[in-house]
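Residue-level structure breakdown
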Amino acid sequence: MQSIEQNNEQWSPRIVAFFCNWCTYTASDLAGVSRLRYAPSTRVIRVMCSGRIEPTFILEAFIKGADGVLIGGCHPGDCHYSEGNYKCLRRFHLLQRYIVEMGIEKERLRLEWISASEGKRLQEVVNEMTDTLRQLGPSKIKEVAETIVK
Amino acid sequence: MGKDKAKLKMAIYWGAACGGCCVSVLDIHETLFTVIEHADLVFWPIALDTKYSDVEEMPDQSIDITLFNGAVRNSENEHMARVLRQKSRLLIAYGSCAHMGGIPGLANFSNKEAIFRRVYEESESTVNPDKIRPLEEVMVAEGTLHLPHFYNDVMTLDQVVDVDYYLPGCPPQSERLVEVFLAVVNGTELPPKGSVVGASSLVQCDECKRKKSEKKDIKRFYRPWEVVDDGETCLNEQGILCLGPATRGGCGVRCVVGNAPCRGCYGPLDDISDFGGKMMSVIASMLEGKEEAEIEEAIETVVDPAGTFYRYSLPGSKLRRKQL
Ligand code: SF4
Ligand code: SF4
């Protein structure tokens, strides 16, 4: 029992973060150069547009062991390619409903619009999501996807 | 095929199946005579009285082609999958169930305990006050009787054994089966192992004759009974959810020709690694709304996304089953 508790204390969530090149990725850069401290939980994948993020990328991140997936894109109206973030928003809502049906907590998938100047917002979102995931505990998605129970 | 050439040996087996795939083989009508001319059917439970032990005694690799239909959901299905793999040169996953898990694969939204409780205790037509459930072993005067062990999860054929080819469909179109069979008979060079055969490499929409526009601008989705289809315009553009855009062609767009939306039984194209994921991507991109509330409302009209987008492919999908 004690060892489980210890493990839980040591465990920290892993977030796969898909950040759009034009906004959120630049914001994370800004957060870095501004020396804003935030939880070291994200593994950032830079994409040219949040509209490039296929639902399958997100599912893949989960089955490879992500505890949460964070999508960061430009505010509505600001997409570098005009409408990519709307596509992203629609996919996000559909995918979130799907994962809930699959028994996965909806908080494991989060979408935020963070512009290039919002380094502070990035810090807040990552910290918040890390806390939420810490409360939810480790994801079981990988294990469930890998183990077939006979 | 010359008379001197030995006949092929062919087997057809059903795992967790509805019987439709086996019937689709019978549906080739007179062509069955051509099949019989070229092949001896050595095992086919729906039509022949061959025992499992007869198959178990056959030499390894002695069956040229096995069409395995149905998913793997119990120990009997798994045992026969392994036996037939060992005995066959070519093992073909025949039909959606063997290919991706199919309709029986929807049981992965539940588990063994919940299914047994529903079936043997709670269903409206069940009268079982003692809550008796099937036993895997029971002793009678003549000896011990066995029932297969029911698994918690439904598996695709390739999650159990090595598969050479996939022939998709629910059931596969009989003409496609004949083509594949004749290719084997004529010794036509076969595609690389693991290929999908008897289907096209383009999506349903490519064959579909309905009018489609570049920009879809779909406002919301309707259940098919909520609207009257005009019979001409792309079903998705009318708000009737059609899975044609991610589904491999080859069936002749039969469902859409019959004014019903495509439900994806032919499975995804080669470069799609998760059928439902791709379909969700396509569907969401075709919506019109920009305001968050408007988008949420439109998305809500997609009833049961998991069951809709993975109707035939849950066990073969990335998440594979519901977390319970
Ligand atoms: S693929 Fe369709 S027809 Fe074939 S066994 Fe499965 S449900 Fe029946
Ligand atoms: S979505 Fe369906 S109805 Fe529309 S073109 Fe494709 S197959 Fe035809």
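Quantities reported herein were computed from a predicted structural model and do not represent experimental measurements. (Residues numbered from 1 in each chain as written. Chains lettered and ligands numbered in written order. Predicted model: local features only at pLDDT ≥ 70, side-chain atom pairs only at ≥ 80, totals over all residues. Heavy atoms only, no water.)

Time to look at the overall build of chain A. Across its full length, chain A holds six helices and four strands. Reading the secondary structure of chain A in the N-to-C direction produces α-β-α-β-α-β-α-β-α-α. Computed over its C-alpha atoms, the radius of gyration of chain A comes to 16 Å, within 12% of the 15 Å expected for a compact globule of 150 residues. Overall size of chain A, expressed as C-alpha extent along the three principal axes, is 50 × 35 × 20 Å. Counting only residues that meet the buried cut, chain A has 51% of its 150 residues in that class. Sequence-distant contacts, at least 24 apart, represent 79% of the contacts inside chain A between residues at least 6 apart. (Helix = DSSP H or I, 4+ residues; strand = E, 2+ residues; numbered from the N terminus. Rg over C-alpha atoms; globule rule 2.2 N^0.38 Å. Buried < 20%, exposed > 50% of the residue type's maximum accessible area, 1.4 Å probe, protein only. Contact = heavy atoms within 4.5 Å.)

The secondary structure content of chain B amounts to 12 helices and nine strands. A compact globule built from 324 residues should have a C-alpha radius of gyration of about 20 Å, and chain B, at 22 Å, falls within 12% of that. Principal-axis analysis of the C-alpha atoms places the extent of chain B at approximately 70 × 60 × 30 Å. By the burial criterion, 51% of the 324 residues in chain B qualify as buried. Counted over contacts in chain B with a minimum sequence separation of 6, partners at least 24 positions apart contribute 73%.

Right, let's get into a negative patch on the surface. Residues and elements named next belong to chain B. On the surface, Glu291, Glu292, Glu294, Glu296, Glu297 and Glu300 cluster together to form a negatively charged patch. Of note, Glu294 is situated in helix α11 (residues 292-300). The class for Glu294 is partly exposed, based on a relative accessible area of 38%. (Patch = residues over 30% accessible without salt bridge, like charges linked within 9 Å, V, L, I, M, F, W, Y side chains within 5 Å. Areas by Shrake-Rupley, 256 points an atom, 1.4 Å probe, with all protein chains shown as cover. Salt bridge = Lys/Arg side-chain N within 4 Å of Asp/Glu carboxyl O. Lys, Arg positive; Asp, Glu negative; His and termini not counted. Charge placed at Lys NZ, Arg CZ, Asp CG, Glu CD.)

Residues and elements named next belong to chain B. Here strand β6 (residues 137-140) runs beside strand β7 (residues 143-146); their pairing, made up of four bridges, is antiparallel. Residue pairing for β7: Met139 is matched across the bridge by Thr144. Adjacent in sequence and paired antiparallel, β6 and β7 are bridged by two residues. (Pairing = 2+ DSSP bridges.)

This paragraph deals with the site of ligand 2. As a structural note, the neighbourhood of ligand 2 is formed by Cys205, Cys208, Arg210, Lys212, Cys234, Leu235, Asn236, Cys242, Gly244, Pro245 and Val256 of chain B. Looking at side-chain class alone, the shell around ligand 2 contains seven nonpolar, two polar and two charged residues. (Near = heavy atom within 4 Å. Nonpolar A, V, L, I, M, F, W, Y, C, P; charged D, E, K, R; others polar.)

In terms of nonpolar packing, the biggest core is built from 58 residues, with Ile58 and Tyr98 of chain A together with Phe309 of chain B touching the most fellow members. If we skip the residues at most four places from it in the chain, Phe309 of chain B touches Leu94 of chain A together with Leu241, Leu243, Phe275, Gly276, Met279, Met280, Ile283 and Val302 of chain B. Formed by 25 residues, the second largest nonpolar core is a distinct cluster that contains Leu8, Met10, Ala39 and Tyr94 of chain B. (Core = buried A, V, L, I, M, F, W, Y, C linked by side-chain atoms within 4.5 Å.)

Let's shift gears to the site of ligand 1. Residues and elements named next belong to chain B. In the vicinity of ligand 1, the contacting residues are Ala17, Cys18, Gly20, Cys21, Gly95, Ser96, Cys97, Gly169, Cys170 and Pro171. Counting residues per element, the ones that place at least two in the shell around ligand 1 are α1 (20-26) and α5 (96-100). The residue makeup of the shell around ligand 1, split by class, is six nonpolar, four polar and no charged.

Taken residue by residue, the interface counts 29 residues in chain A and 43 residues in chain B. A combined buried area of about 3,500 Å² lies between chain A and chain B, and 62% of that area is made up of carbon and sulfur atoms. Our count for the chain A to chain B interface comes out at four salt bridges. Joining chain A to chain B, the criterion identifies 20 residue pairs in polar contact (both at pLDDT 80 or more). Where the side of chain A that touches chain B is concerned, the elements lending two or more residues are α3 (55-63), α4 (84-101) and α6 (141-146) of chain A. With 11 residues, α4 of chain A is the single largest residue contributor to the side of chain A that touches chain B. Here the residues of the side of chain A that touches chain B sort into 15 nonpolar, four polar and 10 charged. (Buried area = accessible area lost by both parts, 1.4 Å probe. Polar contact = N/O pair within 3.5 Å; in protein donor to acceptor, adjacent residues only side chain to side chain.)

Residue and element names in this part refer to chain B. In this fold, Ser88 is placed in strand β5 (residues 88-94). At 2.7 Å, the side chain of Ser88 and the side chain of Thr66 are in polar contact. At 2.4 Å, the side chain of Ser88 and the backbone oxygen of Leu84 are in polar contact. Residue contacts for Ser88: discarding those within four places in its chain leaves Gln61, Ile63 and Thr66.

Before going further, it helps to examine the confidence of the model for chain A. When pLDDT is low, close inspection of the predicted coordinates is not appropriate. Of the residues in chain A, 94% reach a pLDDT of 70 or more, and the chain-wide mean stands at 93. Averaged pLDDT values for the elements of chain A fall to 56 in helix α1 (residues 2-10) of chain A and rise to 98 in α3 of chain A. (pLDDT = per-residue confidence, 0-100.)

Okay, the side chain of Thr56 of chain A next. When you line up the elements, Thr56 of chain A lands in helix α3. For Thr56 of chain A, a relative accessible area of 11% puts it in the buried group. Those residues in contact with Thr56 of chain A that lie beyond four places of it in its chain are Ser273, Asp274, Gly277, Lys278 and Lys318 of chain B.

On to the sheet that holds strand β1 (residues 8-14) of chain B, then. Residue and element names in this part refer to chain B. Strand order in the open sheet made by the five strands is β2-β1-β3-β5-β9, with parallel pairing throughout. For this open sheet the edge positions go to β2 (39-43) and β9 (165-167), each flanked by a neighbour on one side alone. Strand after strand, the sheet turns through a mean of 30 degrees between neighbouring axes, direction not considered. Alignment of β1 against β2, held across four bridges, turns out to be parallel. Note that in β2 the partner of Lys9 across the bridge is Asp40. Sheet strands in contact with helix α2 (residues 31-38) are β1 and β2, and its direction is about 90 degrees off that of β2. Against the sheet, helix α4 (residues 75-87) touches β1, β2, β3 (63-69) and β5, its axis set at about 140 degrees to β5. (Axes fitted to C-alpha atoms, helices over the stretch in contact; angles between N-to-C directions.)

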